[in-house]
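Listed below are the residues making up each chain.
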Amino acid sequence: MWSERNMNGVPVDLSFKHLNSLSDAWTEEPSSSLRPLKRNSKKKYLSCSLRLNNNNITDLHDLHTTVSHFLAEPSQLAWLDLAFNNISHIDKVLCQLLELRVLYLHGNGLFILSEVDRLGVLPHLHTITLHGNMIETNKAYRNRVISALPQLKTMDFSAVTRQDRVMAKIWSQSYRRSRETLQ
C-alpha cells in the first residue's frame, strides 16, 4: 500500500507531448524533473501521480491501460492531471480510480454538469478542478459539484468553505423538491 506521503513523490509527466489519445502515450518517455523517477525491476514507475495535461486527448477509454503501462501500482493512482485537453465527458473509467485524491480536469470541453455526479463514488477525492469548461457557466455549478462530492476540500484551486457546504445543501434540497414536483 502506498502512504499519503507518496503523493508528494515525482509524478510521471506526460504533459505537453502532443498526445491525441492515451494510447499515444505508451511510446513516450516521461519528462524528466529535478528529482529522478524511480522504477521497479519491471521498469514501472514508483509513483502514484500521472500528468497528462496540455495534450489533445479527447476520450479516456484507454486510461486503465495507460496507468498500468506506467505505474508499478496502478490501483494506487492518487493524483491525475488531465487539464487542458479536449475531453468532453466525465468517463466512467475515472470512477474505477478508488484511491484518487486529486483530479484536474480544468480547461477541457465538459458540458454536462450532471456527469460530475459519477465521481461521487470516489471516497478519497478531496481536490478537483473543473473551471474553464462549459459546465462552469451553469448557475448551479459550484453548488452541484459540492453537493455531488461532499468530501471536497478544494474546488478550482479554492477552499470549500462551511458556507459553500450550507449553500450546496440548500441547493440540493431545492433541486430534489423541484424534480419531485415535475414527476
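Source: prediction; values computed, not measured.

Participant: Just to check I follow, could you spell out the overall build of the protein for this structure?
Facilitator: Of the regular secondary structure elements, the protein holds three helices and seven strands. Listing the helices and strands of the protein from first to last along the sequence gives β-β-α-β-β-β-α-β-β-α. The globule rule puts the C-alpha radius of gyration for 183 residues at 16 Å, and the 17 Å found for the protein is close to it. With the C-alpha coordinates of the protein rotated into their principal frame, the extents come out at 60 × 30 × 25 Å. Counting every position in the protein, which comprises 183 residues, the buried fraction comes to 45%. Split by element, the accessible area of the protein, about 9,900 Å² in all, is 53% carbon and sulfur.

Participant: Quick question: what am I supposed to make of helix H2 (residues 141-148) here?
Facilitator: For an α-helix, the turn length of 3.6 residues means that residues three or four places apart are oriented alike. H2 sits mainly inside the fold: six of its eight residues count as buried. Every buried residue of H2 is listed here: Tyr-141, Asn-143, Arg-144, Val-145, Ile-146 and Ala-148.

Participant: I'm lost on the nonpolar core in this one. Help?
Facilitator: Counting residues in each nonpolar core, the largest one holds 43 residues, and the members touching the most others are Leu-52, Leu-63, Leu-80, Leu-94, Leu-103, Ile-128 and Val-145. Taken together, the elements giving at least two residues each to this core come down to helix H1 (63-70) and H2. Setting aside residues up to four positions removed in sequence, Leu-80 forms contacts with Leu-50, Leu-52, Leu-63, Leu-94, Leu-97, Leu-100, Val-102, Leu-103 and Tyr-104.

Participant: Would you take a moment to explain the packing of aromatic side chains for this structure?
Facilitator: Aromatic rings in a pair are described by how distant their centres are and how their planes are angled relative to each other. Tallying each qualifying case throughout the model produces three aromatic pairs. Ring centres of Trp-79 and Tyr-104 lie 5.8 Å apart, and the angle between their planes is 75°; this geometry places the pair in the edge-to-face category. Taken together, the residues Trp-79 in strand E3 (residues 79-81) and Tyr-104 in strand E4 (residues 102-104) connect sequence positions 25 residues apart. Since its relative accessible area comes to 16%, Trp-79 is described here as buried. Given the relative accessible area of 15%, Tyr-104 is considered buried. Among the aromatic side chains, those forming a connected cluster through ring pairs are Trp-79, Tyr-104 and Phe-157.

Participant: Which parts of the structure should I look at to understand H1?
Facilitator: Looking at H1, one finds that the buried residues are Leu-63, Thr-66, Val-67 and Phe-70. Buried positions in H1, seen along its axis, are confined to an arc of 95° and lie on one side of it. In this fold, the buried residues of H1 make contact with strand E1 (12-13), strand E2 (49-51) and E3.

Participant: Mind showing me how you'd approach unusual backbone geometry here?
Facilitator: At Lys-43, a position not held by glycine, the phi torsion is positive, near 70°. Within the secondary structure, Lys-43 is located in the loop between E1 and E2. Of note in this structure, Asp-156 is not a glycine but carries a positive phi near 55°. Relative to the assigned elements, Asp-156 resides in the loop between strand E6 (154-155) and strand E7 (158-159).

Cut-offs and rules
Residues numbered from 1 in each chain as written. Predicted model: local features only at pLDDT ≥ 70, side-chain atom pairs only at ≥ 80, totals over all residues. Heavy atoms only, no water. Helix = DSSP H or I, 4+ residues; strand = E, 2+ residues; numbered from the N terminus. Rg over C-alpha atoms; globule rule 2.2 N^0.38 Å. Buried < 20%, exposed > 50% of the residue type's maximum accessible area, 1.4 Å probe, protein only. Areas by Shrake-Rupley, 256 points an atom, 1.4 Å probe, with all protein chains shown as cover. Core = buried A, V, L, I, M, F, W, Y, C linked by side-chain atoms within 4.5 Å. Contact = heavy atoms within 4.5 Å. Phe/Tyr/Trp six-rings, centres within 6.5 Å; stacked < 30°, edge-to-face > 60°. Arc of directions from axis to C-beta.

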